[in-house]
Amino acid sequence: MSLAAYCVICCRRIGTSTSPPKSGTHWRDIRNIIKFTGSLILGGSLFLTYEVLALKKAVTLDTQVVEREKMKSYIYVQTVSLDKGENHDPFSTVDIEDHECAVWLLLRKSKSDDKTTRLEAVREMSETHHWHDYQYRIIAQACDPKTLIGLARSKESDLRFFLLPPPLPSLKEDSSTEEELRQLLASLPQTELDECIQYFTSLALSESSQSLAAQKGGLWCFGGNGLPYAESFGEVPSATVEMFCLEAIVKHSEISTHCDKIEANGGLQLLQRLYQLHKDCPKVQRNIMRVIGNMALNEHLHSSIVRSGWVSIMAEAMKSPHIMESSHAARILANLDRETVQEKYQDGVYVLHPQYRTSQPIKADVLFIHGLMGAAFKTWRQQDSEQAVIEKPMEDEDRYTTCWPKTWLAKDCPALRIISVEYDTSLSDWRARCPMERKSIAFRSNELLRKLRAAGVGDRPVVWISHSMGGLLVKKMLLEASAKPEMSTVINNTRGIIFYSVPHHGSRLAEYSVNIRYLLFPSLEVKELSKDSPALKTLQDDFLEFAKDKNFQVLNFVETLPTYIGSMIKLHVVPVESADLGIGDLIPVDVNHLNICKPKKKDAFLYQRTLQFIREALAKDLEN
């Protein structure tokens, strides 16, 4: 505008001038116009160039993003009525591309009213490995809890099916996980508890109070009844106190109403925080999983467990190479999976095979019951050797295994459900986890029988395999089951029993109670193993008559080498005459008491003879 006005003024001045034009003035005006015009054009050009480049940069599209967007479909959340009488199909109006049909069809199948169709959809999802990341996320966001649990229990499932757990709530100001764990324990009912739950609760609360007071005062002091625990966890006092509290909460979680309190008071989130903080402490993690597994026995808590993200955590734990971690996770997910699992696995009952959903028909059960100071997993490991220590255990399970029933037996007999049981035992009341827990063989057998029946033991043919005192428990359980009409299927379906060095006529272990400091106050279990125990003699006489009447197939193994008890004495724990039940073959093996149930390798006589017995006892059942 200013340029045009200037030009007009100059032209009028030239045109209206009455005096003769001066050529100098005329050309000077023209030069001024050219200078002004040139600078204006140059500045405008630079400005326009800058604006064009800036605009181009602002509207430039990433073609890769565009292509990815073309391949995407979106989840549309629709508002639906909660009226169960109305039938809604959430996937009937989803806007999707043709190439997305497979994903959404599988999601639709997983919502089917037909159970077979739902299971088939989950199987197809788990076997799919060619999808893009976002397609797995579509399933993760849109699937229902049953599908999510099914995917977690499918061996081939990709972990991308599982969303990260939701963010945990922040800790209260001036609080810690230790203090909140103590508050959770204190919030649980403290009445109508058995003596051991009361013991663990009072111990945990007293020790955690000392810990918190010491932390605020700048020092830590071990003391009270927790001293043995404090010695073993002395490096990390907070972990010690947390273990006290977790032990108590494990006991509380065996009571259904207490599980409700744990959930209502934020226990699922707090336990998840502890689980993440103690990734380097398997014992803490296992106790946490025991609590979640017990809570999963209550179906009304399933939705809370799923929402809190535990399914995603357990799906990852299932793939762990460590048998204890994967087995605890398998128990939790099996208790959550009401689509394919009818049984309920209570604390201490672990399925070693199959841990995942399987199309393999399960035709029989094999149960493993450990003995004194044993455990559900370590008792049944391969016999340790220098070569085994050097080799990497996971490279070849045929050469070395940390649990031969889970690896060798499951591979040789895939149609078996293999269960291992765990319960607390001690040689001395000094080492007892609960001073009031003086459990007799009769008490333990009733407890285990109840748990095993809840797990469906007795619904299929059964072979019992036991070591040491575990064999006495098996004998007592079968006698107890024979006296209860509701347990008759356990007896009718028992096909055979294997005893690994079981002291049917007593053990020399209790004879040394005065000489060995560990047995200065022998536990009730050890006392019952003495040769002059009336309860043991009655159990032997009653079971022998009962087994002959039922015509049970029996196989007995016995050690021939002495065993070191601590570093003080070498003892032949179960002599040959004590391991003789009175029926079945009795096979001496040149090993000690601890290794009688631990084959050196897969082709060792000990394992091969065990496998032969199982196959012969279940021959008719496995053929059908």
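A quick note: this is a predicted structure, and the numbers were derived from the prediction, not measured. Here the residue numbers are simple positions, counted from 1 along each chain's written sequence. Given that this is a predicted model, residues contribute local features only at a pLDDT of at least 70 and side-chain atom pairs are listed and counted only at 80 or more, while totals for whole chains, interfaces and linings are drawn from all residues. In computing side-chain properties, one takes all heavy atoms of the structure into account and sets aside hydrogens as well as water.

Caption draft 1: Structural context of the overall build of the protein chain. Every helix listed is a DSSP run of H or I at least four residues long, and every strand listed is a run of E at least two residues long, numbered separately from the N terminus. Counting its secondary structure elements, the protein chain contains 26 helices and nine strands. Only protein chains enter the calculation, and the probe is 1.4 Å; a residue is then buried if its accessible area is under 20% of its type maximum, exposed if over 50%, and partly exposed in between. Across the 624 residues of the protein chain, 50% fall into the buried class. By definition, residues are in contact when any of their heavy atoms lie within 4.5 Å. For the protein chain, the proportion of contacts with a sequence separation of at least 24, taken over those separated by at least 6, is 75%. Note on areas: these come from Shrake-Rupley sampling with a 1.4 Å probe, and a residue is covered only by the protein chains present in the view. Carbon and sulfur atoms make up 54% of the accessible area of the protein chain, which totals about 31600 Å².

Caption draft 2: The arrangement of the sheet that holds strand S4 (residues 462-467) in detail. Taken together, seven strands build an open sheet; the order of strands is S1-S3-S2-S4-S5-S6-S9 and the sheet is mixed. The open sheet has two edge strands, strand S1 (349-353) and strand S9 (585-589), and neither has a second partner. Neighbour-to-neighbour, the strand axes of the sheet open up by a mean angle of 20°, direction not taken into account. Bridge analysis of strand S2 (residues 364-369) against S4 gives five bridges, and the strand direction is parallel. Bridge pairing in S4 places phenylalanine 368 opposite isoleucine 465. Here, strands pair whenever DSSP counts at least two bridges between them. Note on geometry: axes are C-alpha line fits, over the in-contact stretch for helices, and angles between N-to-C directions span 0 to 180 degrees.

Caption draft 3: The arrangement of the packing of helix H14 (residues 282-295) against helix H17 (residues 323-336) in detail. Following both chains from N to C, one finds H14 and H17 inclined at 15°, their axes separated by 8 Å at the closest point. Classified by the angle between their axes, H14 and H17 sit roughly parallel to one another. For H14 against H17, the interelement crossing comes out left-handed. Facing Arg286, Met289, Arg290, Ile292, Gly293 and Asn294 of H14, the residues of H17 in contact are Met324, Glu325, His328, Ala329, Arg331, Ile332 and Asn335. Each angle gets one of four labels, with under 35 degrees taken as roughly parallel, over 145 as roughly antiparallel, 65 to 115 as roughly perpendicular, and the rest as oblique. Here a crossing is taken to be left-handed if its near helix is turned anticlockwise relative to the far helix by less than a right angle, and right-handed if that turn runs clockwise.

Caption draft 4: View of the nonpolar core. Here, nonpolar core refers to any group of buried Ala, Val, Leu, Ile, Met, Phe, Trp, Tyr and Cys residues whose side-chain atoms link them within 4.5 Å. One finds Ile139, Leu271, Ile288, Ile292, Met295, Trp310 and Met314 to be the most contacted residues of the largest nonpolar core, which totals 66 residues. In this view, methionine 314 contacts Tyr275, Met289, Ala329, Ile332 and Leu333; residues no more than four positions away in its chain are not counted. With 51 residues, the next largest nonpolar core counts Val341, Leu539, Val573 and Leu581 among its residues.

Caption draft 5: Focus on the side chain of serine 157. Structurally, serine 157 is set in the loop between helix H7 (145-152) and helix H8 (177-187). What makes serine 157 buried here is its relative accessible area of 4%. With sequence-adjacent residues up to four places away left out, serine 157 is seen in contact with Ser126, Leu151 and Lys319.

Caption draft 6: Representation of H7. Summarising burial for H7: six of the eight residues are buried, a large majority. Buried within H7 we find Thr147, Leu148, Ile149, Gly150, Leu151 and Ala152. Where H7 is buried, its residues meet helix H4 (101-110), helix H5 (115-126), helix H6 (133-142), helix H15 (302-307), helix H16 (310-318) and H17.

Caption draft 7: Local environment of the packing of helix H19 (residues 404-412) against helix H25 (residues 605-617). Running from N to C, H19 and H25 point in directions that differ by 55°, and their axes come no closer than 11 Å. Between H19 and H25, the crossing angle belongs to the class labelled oblique. The two elements H19 and H25 meet at a crossing, and its hand is right-handed. For the pair formed by H19 and H25, the contact residues are Trp404, Trp408, Leu409 and Asp412 on the first element and Tyr607, Thr610, Leu611, Ile614 and Arg615 on the second. Any residue outside Ala, Val, Leu, Ile, Met, Phe, Trp, Tyr, Cys, Pro, Asp, Glu, Lys and Arg is labelled polar, Gly included; the first ten of those are nonpolar and the last four are charged. Residues that form the contact of H19 with H25 fall into these classes: six nonpolar, one polar and two charged.

Caption draft 8: Expanded view of the packing of aromatic side chains. Two aromatic rings from Phe, Tyr or Trp, using only the six-membered ring of Trp, form a pair when their centres are within 6.5 Å; if the ring planes differ by under 30 degrees the pair is stacked, by over 60 it is edge-to-face, and anything between is tilted. Within the structure shown, the criterion is met by 14 aromatic pairs. Put simply, the rings of Phe368, Trp380, Trp404, Trp408, Tyr500, Phe557 and Tyr607 touch in pairs and so form one group of aromatic residues.

Caption draft 9: Representation of H25. To estimate how far a helix should reach, multiply one less than its number of residues by 1.5 Å. Between its first and last C-alpha atoms H25 spans 18 Å; for 13 residues at 1.5 Å apiece the expected length is 18 Å, and the two agree. Three or more residues of H25 are buried, namely Leu606, Tyr607, Arg609, Thr610, Leu611, Phe613, Ile614 and Ala617.

Caption draft 10: Inspection of the environment of serine 466 at higher detail. Its place among the elements puts serine 466 in strand S4. Between the C-alpha atom of serine 466 and that of isoleucine 369, which follows or precedes it by 97 residues, the distance is 4.7 Å.

Caption draft 11: How the structure looks around the environment of leucine 119. By the secondary structure assignment, leucine 119 is in helix H5. Linking leucine 119 and threonine 147, residues 28 residues apart in sequence, is a C-alpha distance of 8.4 Å. Discounting residues that sit within four places of it in the chain, leucine 119 has contacts with Glu339, Thr340 and Arg357.

Caption draft 12: Region of interest: the side chain of arginine 357. As for its position among the elements, arginine 357 is in the loop between S1 and S2. A distance of 3.0 Å separates a polar atom in the side chain of arginine 357 from a polar atom in the side chain of aspartate 337. The residues touching arginine 357, leaving out its near neighbours within four places in the chain, are Leu119, Val122, Lys146, Gly150, Arg153, Asp337, Glu339 and Thr340. Two N or O atoms form a polar contact when they lie within 3.5 Å of each other; inside protein one atom must be a possible hydrogen donor and the other a possible acceptor, and for residues adjacent in sequence the pair counts only when both atoms belong to side chains.

Limitation: the analysis is restricted to geometry and does not speak to function.
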